[in-house]
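Each chain, written out:
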Amino acid sequence: MTESGKISRRQFVASAASLAAVSSLPLGAFAETQVSASAGERTTVQLTDSPGWKDQGIENLSKSPHAKLRDIPVRAVTITGGFWAPRREINVTRSIPTMHDLLEANGRMDNFRRLTGKSQAPQKGPVFSDSDVYKWTEAAGFVLQSGDRPELRAMAEKLIDEVVAVQEPSGYLNTYYQDDRKSLRMLPQTQSTGHELYNMGHMLQGAIAYYRATGDRKLLDTGIRFVDDFLIPNYGPAPKKPIVSGHPEIEMGLIELYRITGDKRQLELAGYILGGDSRIELPERRTIYMFSGTPFTARTKMQGHAVRAMYACCGATDYYLETGDARYWETLNTLWNDMTGTKMYVTGGVGSRADGEAFGDAYELPNFRAYGESCAAIGNMMWNWRMLAATGDAKFTDVMERALYNGINSGMSLDGTLYCYRNPLAFDPSTGDKIRNPWYDVTCCPPNLERTFGSLPGYFYSTSADGLYVHFYDDCELNWHLENGTGLKVVQKTNYPWDGNVDITVTPAEPSDFTLYMRIPGWADRAQVAVNGKAVSGASPGQYLPIRRRWQAGDVVQLKIDVVTQVVEANPRVADDTGRVAIQRGPLIYCLEEIDQPNGTVLSDVAVHPGPHPAEAFRTEFRRDLLGGMIVLHHEGALYEHETSEKLLYSRYRRDTKTKDVALTFIPYYAWANRQATFMQVWNLLLT
Ligand SMILES: [Zn+2]
């Protein structure tokens, strides 16, 4: 395309935003223009969403026929203090604004401006760069759902205006497949690698979160135009052109859009994409890697690119929640069992191979080389949230908690400005790897972490037909209602996860019969529950305890869980963890960082000896001054003393290895590498 052609098209796109100018443009070379004018004048799609935008949760499951639990809106829960409030505050005051500036500084917004003639800068970043802008918008949307922040809203509005302005009259929207790349749009090969629909999936999620915060439909309508004007008329089962989901994500976006518009074609399109289209022939290694392109229901194990697999499972679970298709449910459970039984790290991270950012074989869970991308741990939590909604089964919440407190929480530095892409379980700084960075050219993880912390209140509770589920514990206040409309306030007071005492005050608007489902974490040895001082029997770790009664204003539920230090071993088939143990306290996985140990301690030579009473072998100390305040664990460990010969790569085995005592200090894994990055390990040698 010639330079003049480019300018003309830019002028055209810019003017398409203000429709009045379109009719004065020359036609012919711009056949799309004619379509555009009428498309632009289309009447706005009537939304059939219920409840209204303000009352929708992370997902709107209010009408999903196969959801047992329903989301509450993010704004219904205020996290008032405790463990997560500082994290969420730093997310809003540091992470989201600095990421906005970095997206700007790295040309991600100029990619949009270039198309409206406002910037001469060349396209920057990989094919999926638009998605980073959309994920940032989603993070802003979730934050605004918790309350207005005029400065953030102004920032988001400006960004949205620049996105909306580049939508083509056909509905197409992508800053990469422009100019001479335009001819590549939506070709099967481009769909396989070009992330066009991945970008739009994130755009829909961002638009929906922003709509649920503000009621502003501008970005949402742009997403609807892409789906209704560009995608649905042209792509789908024959005789339309085929789709392959190169990086699953659009499936989730389409189904959440369906939950707002009620337009069944959007759900059906997601189902079609999940089914794969045999007209696009791909080598098997490609469909394994993409976790798409073949029928989802034909999959039998977790494999391929971990984030793709997680997002595909999220979309497939969403599809199940709407359709109840039993084949999907069977496949989802097969995959869940495979992942949690053989392929998930103790941190809730998934994807052990750097090569292809992929799942490994069963029990292939290396520590130093662990990939554990932040996005994959987030995808794991998102998927389990959907499985939980379908069942009310606490085994899914246990996985969410494991990922949230460990493999996700590690992904953002405590000051909110540095991010992990990989989340290894052992680290040797002599490799030169810089583990926390402010920016990655592939910057999928940072805004993903930001949207997750922004949406966190929405994960604390769900409603069911008969009551309320309590999933997570922290200082917080719920102001919402039961599904029968009875107003309900629930206040939690706790130091969770540092201790396991939670006081919950339940205040229904009027005395009401309903069931409060209290989650008893799977890691608990035992738990006691009392209502107004009277014990309630039946609390069982890894389950929800149903408390059915006539609740009155001021009723107090007390949960007491003994939080003790636990020594965890891996399945013997995990070769990397052979002869090793990890330390866990409550939901937190602990690690050793060299910086905390006595001078000269070589961590690879350190062993833990828990003795007959593991909990007593570790002393706890609350350190207010350390890394935002935390409980550290002290342990009299052993340091192997090596003979010179043992520094050889191989030497003769001797039974009488000498050790000497060494005072070890463990910190929670999420906080590692927040000072200088020193040697770190989660799995430590076991001294028997
Ligand atoms: Zn990522």
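It should be noted that the structure appears before, not after, this text.
Residues numbered from 1 in each chain as written. Predicted model: local features only at pLDDT ≥ 70, side-chain atom pairs only at ≥ 80, totals over all residues. Heavy atoms only, no water.

Participant: Which parts of the structure should I look at to understand the packing of aromatic side chains?
Facilitator: Centre distance and the angle of the planes are the two values used to describe a pair of aromatic rings. For the structure on display, the rule yields 31 aromatic pairs. Each residue in the set F83, W84, Y405, F453, Y473, Y496, W498, W523 and Y670 is aromatic and connected to the rest through ring pairs, giving one cluster. A cation sits over an aromatic face here: R181 above Y176, 3.7 Å from the ring centre. Of note, R549 hangs over the ring of W551, and the distance from its end group to the ring centre comes to 5.0 Å. (Phe/Tyr/Trp six-rings, centres within 6.5 Å; stacked < 30°, edge-to-face > 60°. Lys NZ or Arg CZ within 6 Å of the ring centre and 35° of its normal.)

Participant: Is there a simple way to explain unusual backbone geometry in this structure?
Facilitator: When glycine is set aside, most residues are seen to have a negative phi, and most peptide bonds are trans. For the bond from S50 to P51, the omega torsion is 0°, close enough to zero to count as cis. Looking at the element boundaries, P51 is found in the loop between helix 2 (31–40) and strand 1 (70–71). For the bond from A238 to P239, the omega torsion is 10°, close enough to zero to count as cis. Among the secondary structure elements, P239 is positioned in the loop between helix 9 (218–234) and helix 10 (250–261). Backbone geometry places F291, a non-glycine residue, at a positive phi of 50°. For F291, the position within the fold is in the loop between helix 12 (284–290) and helix 13 (306–323). One non-glycine residue with positive phi stands out, namely Y363, at about 70°. Within the secondary structure, Y363 is located in the loop between helix 14 (326–342) and helix 15 (374–391). (Helix = DSSP H or I, 4+ residues; strand = E, 2+ residues; numbered from the N terminus.)

Participant: Which parts of the structure should I look at to understand the state of the cysteines?
Facilitator: Defined simply, a disulfide is a covalent bond joining two cysteines at their sulfur atoms. Enumeration according to the criterion identifies 0 disulfides in this entry. With no disulfide of its own, C313 lies closest to C314 among cysteine sulfurs, the gap being 7.4 Å. This cysteine, C591, is not joined by any disulfide, and C420 carries the nearest cysteine sulfur, 11 Å off. What makes C591 buried here is its relative accessible area of 0%. (Disulfide = S-S within 2.5 Å. Buried < 20%, exposed > 50% of the residue type's maximum accessible area, 1.4 Å probe, protein only.)

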